[in-house]
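# Architecture at a glance
Listed below, chain by chain, are the residues.
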Amino acid sequence: MQGSRRRFFQQSGLLTAATLSFPGVVRSKAEAAADAPPHRIIHLVADGTSSGTWTLGDYFSRLKRGRGLRWFDLLQRPGAVWTWMNMRSLNSSVTDSAAASSAWGSGSRVMNGVLNQLPDGRELRPLYSVMAEAGWKRGLVTTTEITHATPAGFAAVTASRSNAEVIAAQYLAGRVEVLLGGGRKYFDPKTRKDQRDLAGDFARAGYAVVNDAADLAQAPLDKPLLGTFASGHLPYTLDQLGDAEFQAKVPTLAQMTARALRYLERSDRFILQVEGGRVDHAAHANDIAAAVQDLVAFDEALEVCLDFQRRAPETLLVVTTDHGTANPGLNGSGSEYGSSSQLFANTLRVRRSFERMEPDFKKLASAAELRAFLKTWTDFEPSAAKADLLLRIAEKKAGVLYDGMNAVELQLGQLMANFLGVGFTGGAHTADFVPLVACGPGAERFRGFLQNTDVFRGYLTLAGIDFRNPDAPLLAEAGPRADQVEALPRWA
Ligand SMILES: [Zn+2]
């Protein structure tokens, strides 16, 4: 693969020379930019999005906005590269977000749960540290806590992704210029275990520190920026819709992305990671309405980036996900599957996420109350028998057949499948290879089947930086090897 890429670059160099020497050929600004290495890189991640989630996001976007996801439009663009990527971690074919982002962020696979550290304790240098040294400005934007695994994988080094206070302090030590998301509690002396006034330290280091959408809009453009808009994760898009109070406090992913770009574009070179982080959380909960609303919000952030790229064609966009989560799919329903689309259209009628319903859900005492409650927030009124069964599962008086789905929200997801048509494989991440689209200068670097670790090498090569982290051999997973499978018992 490396060899064929080198050949490509040699070939494209020859083609460029030929084009340039051919009289009468006028090259557009975009064509000229496509041959030069990118000065700006935007890495967009819709966290936990298997192919079914993208598909349903596109269907939902058509219902909600009358058009599909921009993500799929990208595939039509001349010069766009579309491929698949293996996201496995050091210890498992099923990755978590820490190992996934570390692979992009260090070029080495690590154990699940770890950020940029090998099992023997050796620390890896993260992408943002390497690029800062070469003069690149850096930004992280997410709908999760800003210290969460996906943003942290580009800028932090720690043995456990749960060390959020350490990660927050590392952002300041590494002077990541733009940080926008949730997770205020990790910057606040009242909620940090070490009582450090980290937000104050950011301010003293010259950052504009903001806490709500209005302040973000007015923050000075010439200062690095720390914005935390919730104590924990930002609320789901579904829960913000029609809620003016939420909207005044919490900017959308698109608004945060636009603001990050306004600061970063003042510099000649920058890299920005944009994460739609809660698509993953909704999929974990088997809450398809929350997942597709957040995926459309992610797509609006992608649109901001595409507008930026039109103005600044030296920008490389890479759009991907870090793993599948619970793999939702629209099941065939009804005669000749004729009911599936109708059922899925019911996602538009859902007005609350499972997460926001949960506190009230826990107080429900009878099947009748549960039926009325669901009718209020989702427009679905299940049968008395099904409502009763869900309550008994919640009270641990009844079990479920697949242990991987033994949780109330997953069973609520199963119940809602009768109304929305969407089923799930479980409540965890999956081993799916993930799609990746690259467009803009350097996109060719991402052609062919990728390993997650290729992304780090791709970005550094395009930035002209010669650096490599150490790596460790893959750990064997528990279970039979392929050559032992024949010996397994089979049904007669
Ligand atoms: Zn997850």
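These numbers were taken from a predicted model, which means no experiment stands behind them.

## Observations regarding unusual backbone geometry
Located in the positive-phi region is Gln195, a residue other than glycine, with phi close to 60°. By the element assignment, Gln195 lies in the loop between strand S4 (178-182) and helix H9 (198-204). Assessed through the 10 C-beta atoms surrounding it within 10 Å, Gln195 is described here as exposed. Located in the positive-phi region is Asn286, a residue other than glycine, with phi close to 60°.

## Side note on the environment of Val319
Structurally, Val319 is set in strand S8 (residues 315-320). Exposure remark for Val319: the 25 C-beta atoms within 10 Å place this residue in the buried category. In this structure, the C-alpha to C-alpha distance between Val319 and Glu275, residues 44 residues apart in sequence, is 9.9 Å. Aside from chain neighbours lying at most four places away, what touches Val319 is Leu44, Trp71, Leu74, Leu302 and Val437.

## Structural notes on helix H21 (residues 454-462)
Working note: α-helix, 3.6 residues per turn, so residues spaced by three or four point in the same direction. Within H21, burial applies to Asp454, Val455, Phe456, Gly458 and Tyr459. At the exit of H21 stands Gly464, carrying a positive phi of roughly 75°.

## Digging into the packing of helix H18 (residues 367-378) against helix H19 (residues 384-394)
Contact geometry of H18 with H19 gives a least axis separation of 8 Å together with a crossing angle of 105°. Viewed along their axes, H18 and H19 adopt a mutual orientation that is roughly perpendicular. Taking contact as the criterion, the partners of Ala367, Leu370 and Arg371 in H18 are, on H19, Ala384, Ala387, Asp388, Leu390 and Leu391. Across the contact of H18 with H19, the residue classes tally to 6 nonpolar, no polar and 2 charged.

## Describing the packing of helix H3 (residues 51-65) against helix H15 (residues 288-311)
It is the contact of H3 with H15, at a shortest axis distance of 9 Å, that shows an interaxial angle of 80°. Accordingly, the angle class assigned to the pair H3 and H15 is roughly perpendicular. Across the interface between the two elements, Thr53, Leu56, Gly57, Phe60, Ser61 and Lys64 of H3 pack against Ile288, Ala291, Val292, Leu295, Val296 and Asp299 of H15. Looking at the contact of H3 with H15 residue by residue, the class counts come to 7 nonpolar, 3 polar and 2 charged.

## Notes on the environment of Gly181
Tracing the chain through its elements places Gly181 in strand S4. Classification of Gly181 by C-beta neighbours within 10 Å gives buried; the count is 27. Separated by 49 residues in sequence, Gly181 and Ala230 have C-alpha atoms that sit 7.8 Å apart. Not counting chain neighbours up to four residues away, the residues in contact with Gly181 comprise Val141, Thr142, Thr143, Thr144, Glu145, Ile146, Pro151, Thr228 and Leu234.

## A word on the nonpolar core
Counting residues in each nonpolar core, the largest one holds 120 residues, and the members touching the most others are Leu44, Leu179, Ala260, Leu272, Cys305, Leu317 and Ala438. Residue assignment places this core across two domains, with domain 1 (30-327 + 427-462) and domain 2 (349-423) each supplying three or more. Excluding residues within four positions of it along the chain, Cys305 makes contact with Ile42, Leu44, Thr257, Val274 and Leu317.

## Digging into the pairing of strand S2 (residues 81-86)
Examined bridge by bridge, S2 and strand S13 (residues 434-439) share 5 bridges and lie antiparallel to one another. Looking at S13, one finds that Thr83 is bridged to Leu436. Sheet analysis places S2 next to strand S14 (residues 450-451), joined by 2 bridges and oriented parallel. Bridging across to S14, Asn86 finds its partner in Gln451.

## Re the confidence of the model for the protein chain
This prediction gives the protein chain a mean pLDDT of 91; 89% of its residues lie at or above 70. Scored below 50 in pLDDT, residues 1-26 shows 6 contacts in the model against residues more than four places distant or in partner chains.

## Regarding H3
Its 15 residues place the ends of H3 21 Å apart at the C-alpha level, agreeing with the 21 Å of an ideal helix rising 1.5 Å per residue. Along its buried surface, H3 packs onto helix H4 (70-74), helix H14 (278-284), H15, strand S10 (329-330) and strand S11 (422-423). Immediately beyond the C-terminal end of H3, within one or two residues, lies Gly66, with a positive phi of roughly 75°.

## Remarks on the sheet that holds S8
Pairing within the open sheet is mixed, and its 10 strands lie in the order S5-S6-S4-S3-S7-S1-S8-S13-S2-S14. Only two strands of the sheet have a single partner each, and these edge strands are strand S5 (208-210) and S14. Taken together, the 6 bridges between strand S1 (residues 40-46) and S8 define a ladder with parallel strand orientation. From the neighbouring strand, Val45 faces S8, where its bridge partner is Thr320. Seen against the sheet, helix H13 (residues 253-264) touches strand S3 (137-145), S4, strand S6 (225-228) and strand S7 (270-276) and runs at an angle of roughly 165° to S3.

## Regarding the environment of Arg67
Relative to the assigned elements, Arg67 resides in the loop between H3 and H4. Overall, Arg67 belongs to the exposed group, with 10 C-beta atoms counted inside 10 Å.

## Regarding the pairing of S3
Side-chain positions along a regular strand alternate between the two faces of the sheet. Burial analysis of S3 places 9 of its 9 residues in the buried class, which makes it a mostly covered element. Here S3 runs beside S7; their pairing, made up of 6 bridges, is parallel. Looking across to S7, one finds that Lys137 is bridged to Phe270. Note that S3 and S4 share 4 bridges and pair parallel. Among the inter-strand pairings, Leu140 is bridged to a residue of S4, identified as Leu179.

Calculation criteria
- Residues numbered from 1 in each chain as written.
- Predicted model: local features only at pLDDT ≥ 70, side-chain atom pairs only at ≥ 80, totals over all residues.
- Helix = DSSP H or I, 4+ residues; strand = E, 2+ residues; numbered from the N terminus.
- Buried ≥ 20, exposed ≤ 12 C-beta atoms within 10 Å, placed from the backbone.
- Contact = placed C-beta atoms within 7 Å.
- Axes fitted to C-alpha atoms, helices over the stretch in contact; angles between N-to-C directions.
- Parallel < 35°, antiparallel > 145°, perpendicular 65-115°, else oblique.
- Nonpolar A, V, L, I, M, F, W, Y, C, P; charged D, E, K, R; others polar.
- Core = buried A, V, L, I, M, F, W, Y, C linked by C-beta atoms within 7 Å.
- Domains from an automatic or database assignment.
- Pairing = 2+ DSSP bridges.
- pLDDT = per-residue confidence, 0-100.
- Expected span 1.5 Å × (residues − 1).

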